[in-house]
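Each chain, letter by letter, is given below.
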Amino acid sequence: MTQNSPEPEDRATKQRDNRRRQIVAAAKEVFAELGYHKASISELIQRAGIARGTFYLYFEHKRQVFDSILNEALVELDKRILPVDIGPDQPSARAQLRANFIRVLTYLLEDQALTQLLLNHGLTPDSGAADRVGAFYQGVIMMIRASLAEGVERGLLRKCHSEIVASALFGAIRGMVEYMMSADKTPSVEEAADELIYLVLHGVANSEHWIDE
């Protein structure tokens, strides 16, 4: 073995990680296409191209795979929502917020199997799966609430009812992603991010027509 060759244990760990990712990727496609209720382990292993015994080396049942997909998605979203740094050498707060939106939208639109799974969760007759996706949504809303609280503390945002505002922002983002997944002609991620920023910072009203007498 040469000095730069990976150790056998490192290779084995990498192989296990790759196999697990292979199973999860296949499961996302199956859940997105068939829904949680109709998806079977047989379909999962066929799509992943593995033996049944191999599946059980990594997961005990399909619910565990489903939970892993949601947990990993929360982690990936959290990585993409960065605090706004208002230091002197940093980009503007608006530019940093725009970058956050672009990262989140890009992730959701690139992983269409995941996003389809999340958007269609209400169609499943399996209440447990719907509850799990609902819990995932609440996790995302909690991330937004934390970002709002930090913005208020830094003086970037007004004081607000964070639960209401976070739920509203989540609904706006979810609706935009759903539109971009289904529309024949979609805006670019950058255009979508700009519209979200304007909605957050200014709303949609032309202020001159909404001044109280």
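Residues numbered from 1 in each chain as written. Predicted model: local features only at pLDDT ≥ 70, side-chain atom pairs only at ≥ 80, totals over all residues. Heavy atoms only, no water.

Engineer: I'm lost on the domain arrangement of the protein chain in this one. Help?
Structural biologist: How large an interface is tends to be reported as the accessible area lost when its parts come together. Assigned domains of the protein chain: these are domain 1 (1–59) and domain 2 (63–209). Computed from C-alpha coordinates alone, the two centres of domain 1 and domain 2 are separated by 29 Å. Each partner contributes to the interface: domain 1 provides twelve residues, whereas domain 2 provides 17 residues. For the pair domain 1 and domain 2, the two sides together bury roughly 1,300 Å², of which 71% comes from carbon and sulfur. When the area that domain 1 buries against domain 2 is broken down by residue, the three leading residues are Lys28, Tyr36 and Phe59, summing to 48%. The tally of links from domain 1 across to domain 2 stands at two salt bridges. Taking the shortest distance from any N to any O, the salt bridge between Arg20 and Glu72 comes out at 2.5 Å. Going through the elements one at a time, helix H1 (8–38) and helix H3 (52–58) are the ones with two or more residues in the side of domain 1 that touches domain 2. Counted by class, the side of domain 1 that touches domain 2 contains eight nonpolar, one polar and three charged residues. (Domains from an automatic or database assignment. Contact = heavy atoms within 4.5 Å. Buried area = accessible area lost by both parts, 1.4 Å probe. Salt bridge = Lys/Arg side-chain N within 4 Å of Asp/Glu carboxyl O. Helix = DSSP H or I, 4+ residues; strand = E, 2+ residues; numbered from the N terminus. Nonpolar A, V, L, I, M, F, W, Y, C, P; charged D, E, K, R; others polar.)

Engineer: Is there a simple way to explain the layout of surface pockets in this structure?
Structural biologist: If a probe as big as a water molecule is rolled over the atoms, it shows which places are left empty. In this structure, the largest pocket spans a volume of roughly 1,100 Å³. Along the walls of the largest pocket sit 41 residues, with Leu97, Phe101, Ile144, Ser147 and Leu169 positioned nearest its centre. Taken together, the elements giving at least two residues each to the lining of the largest pocket come down to helix H4 (62–80), helix H5 (93–110), helix H6 (112–119), helix H7 (127–153), helix H8 (162–182) and helix H9 (189–202). The element that contributes the greatest number of residues to the lining of the largest pocket is H7, accounting for ten residues. (1 Å grid on protein atoms, 1.4 Å probe; cavity = no way out; pocket = protein on both sides within 12 Å on 5 of 7 lines; lining within 4 Å. Points joined across faces, edges and corners; volume = space filled by probe spheres on them.)

Engineer: I would appreciate a short explanation of a nonpolar patch on the surface in the present structure.
Structural biologist: There is a patch of nonpolar side chains on the surface, built from Ile86, Leu156 and Leu157 and spanning about 240 Å² of accessible area. Within the secondary structure layout, Leu157 lies in the loop between H7 and H8. (Patch = residues over 30% accessible without salt bridge, like charges linked within 9 Å, V, L, I, M, F, W, Y side chains within 5 Å. Areas by Shrake-Rupley, 256 points an atom, 1.4 Å probe, with all protein chains shown as cover.)

Engineer: Where do I start with the nonpolar core in this structure?
Structural biologist: Most often, soluble globular proteins keep nonpolar side chains buried together rather than apart. In terms of nonpolar packing, the biggest core is built from 55 residues, with Phe31 and Phe55 touching the most fellow members. Sorting the residues of this core by element identifies H1, helix H2 (41–48), H4, H5, H6, H7, H8 and H9 as the ones contributing at least two each. In terms of residue count, H7 provides more of this core than any other element does, nine residues in total. Viewed by domain, this core spans two of them, domain 1 (1–59) and domain 2 (63–209), each represented by three or more residues. (Core = buried A, V, L, I, M, F, W, Y, C linked by side-chain atoms within 4.5 Å. Buried < 20%, exposed > 50% of the residue type's maximum accessible area, 1.4 Å probe, protein only.)

Engineer: What is the right way to read the packing of H4 against H5 from this model?
Structural biologist: Packed helices, taken two at a time, are described by the angle between their axes plus the distance between the axes. Interhelical geometry of H4 versus H5 gives an angle of 155° and a closest axis separation of 8 Å. When the axes of H4 and H5 are compared, the pair comes out roughly antiparallel. The handedness of the crossing between H4 and H5 is right-handed. Listed contacts from H5 to Ala73, Glu76, Leu77 and Arg80 of H4 are Asn100, Arg103, Val104, Tyr107 and Leu108. (Axes fitted to C-alpha atoms, helices over the stretch in contact; angles between N-to-C directions. Parallel < 35°, antiparallel > 145°, perpendicular 65-115°, else oblique. Left-handed = near helix turned anticlockwise from the far one by under 90°.)

Engineer: Explain the environment of Ala146 to me, please; I cannot follow it from the model alone.
Structural biologist: Note on placement: Ala146 falls in helix H7. A C-alpha to C-alpha distance of 20 Å links Ala146 and Leu70, two positions 76 residues apart in sequence.

Engineer: I'm lost on the side chain of Ser68 in this one. Help?
Structural biologist: Assignment of secondary structure puts Ser68 in helix H4. Leave out the neighbours within four places in its chain, and Ser68 touches Arg20 and Phe59.

Engineer: In this structure, what is going on with the pattern of salt bridges? I would like to understand it.
Structural biologist: Pairing between side chains becomes possible if they bear opposite charge and their charged atoms approach one another. Taken as a whole, this structure holds eleven salt bridges when the rule is applied. Measuring nitrogen to oxygen at the nearest pair gives 3.4 Å for the salt bridge that ties Arg47 to Glu43. Residue Arg47 and its partner Glu43 are both found in helix H2; the two are separated by four residues, about one turn of the helix. On the basis of relative accessible area, Arg47 is assigned to the partly exposed category, the value being 31%. For Glu43, a relative accessible area of 24% translates into the label partly exposed. Several salt bridges converge on common partners, so that one network encompasses Glu29, Glu33, Glu43 and Arg47.

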